[in-house]
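# Survey of secondary and tertiary structure
Each chain is listed here by its residues.
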Amino acid sequence: NSDVWFQRHGSSIRYVMTNGHDGLPKSVMSYLPQLKLISCNGVGYDGIDVDAAVSNNVIVTHTPNVLNAETSTTAVLLMLACYRELRSCENHARSGAWEKNKSPPNEDGRRSKGRIVGYGT
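About the criteria used
- Residues numbered from 1 in each chain as written.
- Predicted model: local features only at pLDDT ≥ 70, side-chain atom pairs only at ≥ 80, totals over all residues.
- Heavy atoms only, no water.
- Pairing = 2+ DSSP bridges.
- Helix = DSSP H or I, 4+ residues; strand = E, 2+ residues; numbered from the N terminus.
- Axes fitted to C-alpha atoms, helices over the stretch in contact; angles between N-to-C directions.
- Salt bridge = Lys/Arg side-chain N within 4 Å of Asp/Glu carboxyl O.
- Buried < 20%, exposed > 50% of the residue type's maximum accessible area, 1.4 Å probe, protein only.

## Here we look at the sheet that holds strand β2 (residues 37-40)
Strand order in the open sheet formed by three strands is β1-β2-β3, with parallel pairing between adjacent strands. Looking at strand neighbours, the two that pair on one side only are β1 (15-18) and β3 (59-61), the edges of this open sheet. Between one strand and the next, the sheet's axes are offset by a mean angle of 15 degrees, whatever the strand orientation. In terms of strand pairing, β2 meets β3 through three bridges, oriented parallel. Looking across to β3, one finds that Ser39 is bridged to Thr61.

The following block contains the structure:
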């Protein structure tokens, strides 16, 4: 039971590292009277009760803008994977069927056009 654990150890915790999804709710903060800092490794901090932290003089940090470029790269990667039917080609290769048949046909993207529309900075 996490309540029992926090009752035993909560008073010795000064720093918490979490992510924006799991966060740190007010109910857990109440077990951490020595808490000084909540560090969120990610862009958002929706899961952290910031008002409760501020009212207890706890600093809340996060890492804005660290995933912007990676999000774009992943979007392009996924677009190409869908276009080239990567998953079905992978399944074909893993099944061993490639030894009996040719690889499944997929599109040649050299003559194709695409558009990328970005939102944000």
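Having seen the model, we can carry on.
## Things to note about the pattern of salt bridges
A complete count under the given rule lists two salt bridges for this structure. Arg87 serves as the salt-bridge partner of Glu90, at 2.6 Å between the closest nitrogen and oxygen. Highlighted residues: Glu90 and Arg87, both in helix α5 (residues 86-95), separated by three residues, approximately one helical turn. Judged by its relative accessible area of 26%, Glu90 is partly exposed. With a relative accessible area of 56%, Arg87 lands in the exposed category. Among the ionic pairs, Arg94 bridges to Glu90, the shortest N-O distance being 2.8 Å. Of this pair, Arg94 and Glu90 are both found in helix α5, four residues apart, which corresponds to roughly one turn of the helix. A relative accessible area of 66% means that Arg94 is categorised as exposed. Look at the salt bridges and you will find they share partners, linking Arg87, Glu90 and Arg94 into a network.

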